[in-house]
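Secondary and tertiary structure notes
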Amino acid sequence: MFSLHEGSGQLVLCLLAGLQIAAEARGAPPPCRPGFSEDLYTVVVPDITEKGWPLFNVKFVSCGRGGLVRFECSNPSDFRIEDDGVVYAARTLQRTAAPASSLLIKAVDATTQQQWVTQVKMMPPTQVQERAVPPVTSKNLDEIVFPSQNAGSTLKRIKRDWVIPPINVPENSRGPFPQELVRIRSDHDKNRSLRYSVTGPGADQPPTGIFTIDPISGELSVNKPLDREHIPSFHLRAHAVDLNGNQVENPIDIVINVIDMNDNRPEFSHQIWNGTVPEGSKPGTYVMTVTSVDKDDPKTANGMLRYKILSQTPDSPSSNMFTINNKTGGIITVAAGLDREKVPRYTLIIQATDMEGNPMYGLSNTATAVIRVTDINDNPPEFTAEMFFGEVPENAVNVIVANLTVTDKDQPNTPAWNAVYKITGGDPTGRFSVPTDPTTNEGLVTVVKPIDFEMDRKYVLIVEARNEVPLTIQSPRQSTATVSIRVLDVNESPYFDPNPKLIKLEEGMMPESTLTTFTAQDPDRYQTQMIRYSKLSDPANWLRIDPSTGRIITIAILDRESPYVKNSLYNATFLATDNGKRPASGTGTLQIFLLDINDNAPKVFPQEAEICEKPEPNAINITALDGDLNPNAGPFAFELAHRPSDIRRNWTITRISGEYAQMSLKIGFLESGIYEVPIIITDSGNLPMSNTSYLRIKVCQCDMNGDCTDQQHIMAAGLGTGAIISILLCIIILLILVLMFVVWMKRRDKERQAKQLLIDPEDDVRDNILKYDEEGGGEEDQDYDLSQLQQPDTLEPDAIKPVGIRRLDERPLHPEPQYPMRSAAPHPGDIGDFINEGLKAADNDPTAPPYDSLLVFDYEGSGSTAGSLSSLNSSSSGGDQDYDYLNDWGPRFRKLADMYGGSDD
């Protein structure tokens, strides 16, 4: 009936045919009557089935027998049935041309060996609402025909038979691709050529290229494997048009469902799960829940997970201390005996398996659950001593008086070990508290309110210690201790009473007037001390205080209008200091409320105003400022002064109210200008005060709106904005040019100085003949010693100058440096070499003066081959010399050759 088909890549809907049970319509079997629900099942089996795929299931009523019933089939080589009644393909099957076949299913009770048999009739695929698409040739493809329409009626009705069922395509198909799914066809293709197309996600919308359709034959194909976890279904729309692109059919919707395969293992949310359970917990105590997720379809067995515990470490006191709910993953205790002191932690290996926990076909994964056994409060804290002692200075706050130590056998740093202290007696006013040191668990007896030695000298406290959580057992002992605290007397600061002290008096009180007596009290009743007073703060320097009595006297006139007085109140601070071993001091504030008197005359406000040349259309509203308060201020009386006489002639003043008046021109026209108008203002004090204030009024030409136009004339007469900007730019450019010129001059001076320092060797004055542009006076004007030009051998001993009278720039004669012997210069061309050698010798001579000083040409040195120049000024030896060689020295020596080398003429 079935034959093995190797290499088939087509997957089918797993449970589609298995759920087509025709006998279910006849009703369920009677309750609690074991047996199959039907004697004959009729199912639809796909043409090609891969190994391990579910085909159908049979329903067996076990009536509580559970796993005691096992199933068997008549063809175990082709089919396999599980305990849940699901029938799977035992190998890859391909259906032959036989129209139908039968399969017998037997159920056997393992205890009573009772048997039940049912028959399954397997039918080939038929037209159903959901269809699986086997990989057949294009000739055998299922067709989807566009529904026809009634052309003669306005309302177009679609036949029910033409409702398109979904197309089911299994995921992860191995191909070959493209794989044909269905053929789209229209009845209009009989009389004309049509073109088919599909649109939607997966076709022409992202992800594109998954589905394609042959435009001529209408064959819809899938081009690649599908992944249900990525896209579970595709919604396409098929179209049919003629060769001109005209629509010949209404588009139809095609739904392609991706059938799930078990291709994903369960994944735990965490690899390590941490939980806690109290020691001594009863069986059934909840511990924790572990969860995992399977990406496969949760509505199928592929995504249905089951949990179990693989191992427990350690296995004390038993190997099954915990159990897990196989569906929810909840872990609870199943045995008693959890003891933190013996086993503080358990480690469980949890396994999650899909396919409803089937160990043969399900995929599994594991995680670790670490369960920590927490401590319970079964040991109360106990004080290490029954009595504790401490002492504290009076008035000290937030001071630790004593440390109370306790011991607790529970686990440290847990609520069962952490101690909480409470004062149960000896502190009715709440001046102490006992917080817990978080590190040492000690009780810190702390003062939270000041203690007065004069009131209480000793406190005896009763302190109780408990844990943060209640005890789980009844303890016969009560953890209490007694704390004895001694109060130490200290020198306390004097205090003023009342503080601040308020007095009221009129301003203007004269100096050396006594205001009041401001004294302080010493709280130290058991110490005899004296108090001295001094002034600490007196902003206006109006007061002084008697150091012994505290009597306050004025040293200046009190003025309410002083800037140091705020809202008629003046504050001064005084200091009281005792004479204890460690003097203590306290401060007190004296507040003086100054009553107003009429000591300030009113002044006009504003002091400047503008008015038009003509009385219309505006006037000036004025008021008065008075430093005093009512009734020493307003209402005010305004009046023009009688002098000068033109004031009342030109101006008039009209009272508007008790605070305001109005100034206006009395004449028809007043020339533009600045006018000082005296106004007499009188206040309403008991003794009224008057004052003459000057109102500065600017009379100007006005426009129709009553605004002065003088400013516009000034702007018109002045320069425009563009001209002012141009002038400023010119000034800036000029300043930049001047700055650049100054910088250039400074740079030029620096370059000139550098040239003088780095002079060219040709311009060096050493061993050079200098040419001057102006004539000098000759050798008589030069203070040179020409005797130095003579050879030292020809000098007389008397001609040598003593060292003391020799010029500072002369070279010393003895000792002389030894120069190398120079050959005679028979040819004028050797003069350049001669001069260069002399220059080198002068540069190497450490006794030579600086190059930028006046140089004296010295002798050539002893041993020189050159002749002596002394013959130049000796007439007696001129005839003995032959000067004809001077003619060979060039035109520069021609004059010398004529003088000495010629005839007697």
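One can find the structure itself at the top, above this paragraph.
Presented here is a report on the structure given in the accompanying data block.

Thresholds, definitions, all that
- Residues numbered from 1 in each chain as written.
- Predicted model: local features only at pLDDT ≥ 70, side-chain atom pairs only at ≥ 80, totals over all residues.
- Heavy atoms only, no water.
- Helix = DSSP H or I, 4+ residues; strand = E, 2+ residues; numbered from the N terminus.
- Buried < 20%, exposed > 50% of the residue type's maximum accessible area, 1.4 Å probe, protein only.
- Contact = heavy atoms within 4.5 Å.
- Areas by Shrake-Rupley, 256 points an atom, 1.4 Å probe, with all protein chains shown as cover.
- Disulfide = S-S within 2.5 Å.
- Pairing = 2+ DSSP bridges.
- Axes fitted to C-alpha atoms, helices over the stretch in contact; angles between N-to-C directions.
- Salt bridge = Lys/Arg side-chain N within 4 Å of Asp/Glu carboxyl O.
- Phe/Tyr/Trp six-rings, centres within 6.5 Å; stacked < 30°, edge-to-face > 60°.
- Lys NZ or Arg CZ within 6 Å of the ring centre and 35° of its normal.
- Core = buried A, V, L, I, M, F, W, Y, C linked by side-chain atoms within 4.5 Å.
- Patch = residues over 30% accessible without salt bridge, like charges linked within 9 Å, V, L, I, M, F, W, Y side chains within 5 Å.
- Polar contact = N/O pair within 3.5 Å; in protein donor to acceptor, adjacent residues only side chain to side chain.
- Lys, Arg positive; Asp, Glu negative; His and termini not counted.

Overview of the overall build of the protein chain
- The secondary structure content of the protein chain amounts to five helices and 56 strands.
- Looking at the protein chain as a whole, 35% of its 905 residues are labelled buried.
- If you take every contact in the protein chain between residues at least 6 apart in sequence, the share linking residues at least 24 apart comes to 67%.
- Counting only carbon and sulfur atoms, one obtains 53% of the accessible surface of the protein chain, whose full area is about 54,600 Å².

Quick word on the state of the cysteines
- Per the counting criterion, the structure on display carries one disulfide.
- Paired through a disulfide, C612 and C702 show a sulfur-sulfur distance of 1.9 Å. Across the disulfide from C612 to C702, rotation about the S-S bond amounts to roughly -105°, and the bridge is consequently left-handed. Of this pair, C612 sits in strand β50 (residues 608-612) while C702 sits in the loop between β56 (690-700) and α2 (710-717), and the two are 90 residues apart along the sequence.

Side note on the pairing of β56
- Bridge count for β50 against β56 is five bridges, and the pairing is parallel. Considered in β56, the bridge of E608 is made with R696.
- The pairing of strand β55 (residues 673-682) with β56 spans ten bridges and is antiparallel. By the bridge assignment for β56, I680 is matched with T692.

Some points on the sheet that holds strand β16 (residues 179-185)
- An order of β14-β16-β19-β18 is seen for the four strands of this open sheet, with the pairing classed as mixed. Since the sheet does not close on itself, it has two edges, and those belong to β14 (143-145) and β18 (211-213), each with one partner. The average angle at which neighbouring strand axes cross in this sheet is 25°, direction not considered.
- Summarising the sheet, β14 and β16 pair through three bridges and their orientation is parallel.

Notes on the pattern of salt bridges
- Counting across every chain of the model gives 20 salt bridges.
- With a closest N to O distance of 3.4 Å, K106 and E72 form a salt bridge. Of this pair, K106 sits in strand β11 (residues 101-109) while E72 sits in strand β7 (residues 69-73), placing them 34 residues apart in sequence.
- For E72, a relative accessible area of 32% translates into the label partly exposed.
- R91 serves as the salt-bridge partner of D78, at 2.5 Å between the closest nitrogen and oxygen. Of this pair, D78 sits in the loop between β7 and β8 (79-81) while R91 is found in the loop between β9 (86-89) and β10 (93-95), placing the two residues 13 residues apart along the sequence.

Points about unusual backbone geometry
- Cis geometry is adopted by the peptide bond preceding P317, which originates at S316 and carries an omega value of -5°.
- Note on placement: P317 falls in the loop between β26 (306-313) and β27 (322-324).
- Geometrically, the link from F605 to P606 is a cis peptide bond, its omega value of 0° lying close to zero.

Comments concerning the sheet that holds strand β46 (residues 551-554)
- Reading across the sheet, the three strands line up as β42-β46-β45 and stay open at both edges, with antiparallel pairing between neighbours. Across the chains shown, the open sheet's two edge strands, defined by having one partner strand only, are β42 (514-517) and β45 (543-545). Between one strand and the next, the sheet's axes are offset by a mean angle of 20°, whatever the strand orientation.
- The pairing of β42 with β46 spans three bridges and is classified as antiparallel. Across the sheet, residue T516 finds its bridge partner in β46, namely I552.

Some thoughts on the packing of aromatic side chains
- Under the defined criterion, the tally for this structure stands at 18 aromatic pairs.
- Aromatic pair W889 and F893: ring centres 5.0 Å apart, planes at 85°, arrangement edge-to-face.
- Judged by its relative accessible area of 26%, F893 is partly exposed.
- Aromatic rings pair up to connect F36, F60, F71 and W116 into one cluster.
- Here the basic side chain of K504 rests over the ring of F593, its NZ or CZ set 5.6 Å away from the ring centre.

Thoughts on the environment of P438
- Looking at the element boundaries, P438 is found in the loop between β36 (432-433) and β37 (443-447).
- Classification of P438 as exposed rests on a relative accessible area of 70%.

What about the nonpolar core?
- Core analysis: the biggest nonpolar cluster contains 27 residues, and I184, F211, L226, F234 and I256 have the highest contact counts within it.
- Put simply, the parts of the chain that give this core at least two residues each are β15 (167-170), β16, β17 (194-199), β18, β19 (219-222), β20 (233-242) and β21 (252-259).
- The residues contacting I256, other than those within four sequence positions of it, are I167, V169, L181, F211, L220, P232, S233, F234 and L236.
- Residues A402, Y421, Y459 and V487 belong to the second largest nonpolar core, which totals 24 residues.

Quick notes on a nonpolar patch on the surface
- A grouping of I725, L729, I732, I733, I736, L737 and M740 is seen on the molecular surface, where their side chains present a nonpolar patch of about 690 Å² in accessible area.
- Position of I733 relative to the elements: it lies in helix α3 (residues 721-757).

A short note on the side chain of Q312
- Note that Q312 resides in strand β26.
- Under the relative-accessibility criterion, Q312 is labelled buried at 13%.
- A distance of 2.8 Å separates the side chain of Q312 from the backbone oxygen of S318, its partner in a polar contact.
- In this structure the side chain of Q312 is engaged in a polar contact, spanning 3.0 Å, whose partner is the backbone nitrogen of M321.
- Every residue in contact with Q312, bar those within four places of it in the chain, is listed here: S318, S319, N320, M321, F322, Y346, T347 and L348.

Section: the side chain of D354
- Of note, D354 is situated in the loop between β29 (345-353) and β30 (364-374).
- Here D354 sits buried without a salt bridge, and the closest side chain of opposite charge, R265, lies 7.5 Å off (N-O distance).
- Polar contacts involving the side chain of D354 include one to the main-chain amide nitrogen of L363, which spans 2.5 Å.
- The residues contacting D354, other than those within four sequence positions of it, are N262, N264, P266, D294, D296, A301, N302, M304, L305, G362 and L363.

A look at the pairing of strand β52 (residues 637-640)
- Along β52, the buried face is formed by F638 and L640; none of A637 and E639, which line the opposite face, is buried.
- Bridge count between β52 and β55: four bridges; the pairing is antiparallel. Considered in β55, the bridge of E639 is made with I680.

A closer look at the environment of G280
- Turning to its location among the elements, G280 is positioned in the loop between β23 (272-278) and β24 (286-289).
- Spatially, the C-alpha atoms of G280 and I376 are 8.3 Å apart, while their sequence positions differ by 96 residues.

A short note on the environment of I531
- Along the chain, I531 turns up in strand β44 (residues 531-537).
- Relative accessible area serves as the criterion here: at 15%, I531 is assigned to the buried category.
- For I531 and T519, which are twelve residues apart along the polypeptide, the C-alpha to C-alpha distance reads 9.0 Å.
- For I531, the contacting residues outside a window of four places in its chain are P494, A520, Q521, D522, P547, S548, A576, T577 and D578.

By themselves, these figures tell us nothing about what the structure is for.
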